[in-house]
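Chain by chain, the residues:
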Amino acid sequence: MSGFLEVRAIKKQWAHTVTVGPITLDIARGEILALLGPSGSGKTTMLRLLAGFETADGGTIAVGSEDVTTAPPARRRFGMVFQHYALFPHLDVGQNVGFGLPKTADRDAKVAAALTLVDLAGFERRKVHELSGGQQQRVALARALVHEPRLIVCDEPTSALDHETGHAVMELLTKTAVRDDRAVIVVTHDSRVFDFADRIAHMDD
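### A look at the environment of Val139
Mapping Val139 onto the fold places it in helix 5 (residues 133–145). Under the relative-accessibility criterion, Val139 is labelled buried at 0%. Along the chain, Val139 and Glu171 lie 32 residues apart, while their C-alpha atoms are 15 Å from each other. Those residues in contact with Val139 that lie beyond four places of it in its chain are Leu87, Val93, Asn96, Val97, Leu120 and Leu131.

Below is the structure:
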C-alpha cells in the first residue's frame, strides 16, 4: 500500500533500552487516523517525529512523494494542534491565529477565514482567557489551518472537553479532512474519536 503520507521504519532511540518504533504506515488524503495506546507507548513522540519537533534516528517520512525526514517543521507544512493548546495568553485570538504568518496585505483576511472555518467568526479581538476550553481548542485548530497545512496532527484534542464539545471538535476535524483533502492524525485515549476515524493504529511495548 502507498499513501499521501508514507512512514517507513521510523524510530527514535531515547536510551539503550527505550525505543519508539520502528513504525511503518501509510495515510491517504482525506483520511483520519486515530493513534491509540497506553501512556508511555510513544504516541506523542510519533507525532513530534512527524511534525519535525524530534529528529528520527532511523527510517524515512515522505509526504506527497517529498522526503521530509530531515526537514524543519516549517518546510513540512504540517499543522500541529497541541494537547494543552499552547496559546499565548498575552495575545488576543486574532494574534494567536496569525502568529508566524508573514505580514502581508491579506494576513487579516486569512486569519478571519480560518476563524470562520472553526465557527469563531468575529472573535479576533477576544482575549484567550475569556474563552471556554472548547473555544480555545478551536483557536488552536484555526492557528493550524491558517497556514494551509497538507496534514494536521493533533495530540489529545478532546481530552479536556465535555462530550458535546469534544464531538463538535471532531466534526470540525472531519470537515477539514474531507473538504480540503487533508490527512489528519489524532493521538487519543478518547473512544469518542473512534467514531470519526477511518482507521485506528495501536501502539504498545
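### Re the sheet that holds strand 5 (residues 66–67)
With antiparallel pairing, four strands are arranged side by side in an open sheet as 2-1-4-5. Taken across any chain shown, the strands that pair with only one partner, and hence form the sheet edges, are strand 2 (18–27) and strand 5. Along the sheet, helix 1 (residues 43–51) makes contact with strand 1 (5–15), strand 2 and strand 4 (58–63), crossing strand 1 at roughly 120°.

### A word on helix 5
Under the 1.5 Å per step criterion, the end-to-end length of helix 5 is 18 Å for 13 residues, consistent within 8% with the ideal 18 Å. For helix 5, the tally of buried residues reaches eleven of 13 residues, placing the bulk of the element in the interior. Listed as buried for helix 5 are Gly134, Gln136, Gln137, Arg138, Val139, Ala140, Leu141, Ala142, Arg143, Ala144 and Leu145.

### Some thoughts on the pairing of strand 1
Of the strand pairs in this sheet, strand 1 and strand 2 are connected by seven bridges, and their pairing is antiparallel. Paired with Ala15 across the two strands is Val18, which belongs to strand 2. Once strand 1 ends, the chain turns through two residues before running back antiparallel as strand 2. With five bridges joining them, strand 1 and strand 4 adopt antiparallel strand pairing. By the bridge assignment for strand 4, Leu5 is matched with Val63.

### Remarks on empty space enclosed by the protein
If a probe the size of a water molecule is rolled over the atoms, the empty space left behind becomes visible. Going through the model one piece at a time under the given rule, you end up with one cavity of 30 Å³ or more. If you add up the space inside the largest cavity, you get close to 40 Å³. Surrounding the largest cavity, Val81, Gln137, Leu141, Cys154, Pro157, Val169 and Leu173 form its lining. Counting only elements with at least two residues in the lining of the largest cavity, the list comes to helix 5 and helix 6 (163–180). Classifying every residue of the lining of the largest cavity gives six nonpolar, one polar and no charged.

### Comments concerning the sheet that holds strand 8 (residues 183–188)
Strand order in the open sheet made by the five strands is 6-7-8-3-9, with parallel pairing throughout. Both outer strands of the open sheet, strand 6 (78–81) and strand 9 (199–202), are each paired with one neighbouring strand and no more. Pairs of neighbouring strands in the sheet enclose a mean axial angle of 20°, with direction left out of account. Alignment of strand 6 against strand 7 (residues 151–155), held across four bridges, turns out to be parallel. By the bridge assignment, Phe78 is partnered in strand 7 with Leu151. Contacts from helix 6 reach strand 3 (32–36), strand 7 and strand 8 within the one sheet, and its direction differs from that of strand 8 by about 155°.

Quick notes on the rules
- Residues numbered from 1 in each chain as written.
- Predicted model: local features only at pLDDT ≥ 70, side-chain atom pairs only at ≥ 80, totals over all residues.
- Heavy atoms only, no water.
- Helix = DSSP H or I, 4+ residues; strand = E, 2+ residues; numbered from the N terminus.
- Buried < 20%, exposed > 50% of the residue type's maximum accessible area, 1.4 Å probe, protein only.
- Contact = heavy atoms within 4.5 Å.
- Pairing = 2+ DSSP bridges.
- Axes fitted to C-alpha atoms, helices over the stretch in contact; angles between N-to-C directions.
- Expected span 1.5 Å × (residues − 1).
- 1 Å grid on protein atoms, 1.4 Å probe; cavity = no way out; pocket = protein on both sides within 12 Å on 5 of 7 lines; lining within 4 Å.
- Points joined across faces, edges and corners; volume = space filled by probe spheres on them.
- Nonpolar A, V, L, I, M, F, W, Y, C, P; charged D, E, K, R; others polar.

By themselves, these observations are geometric and do not establish any function.
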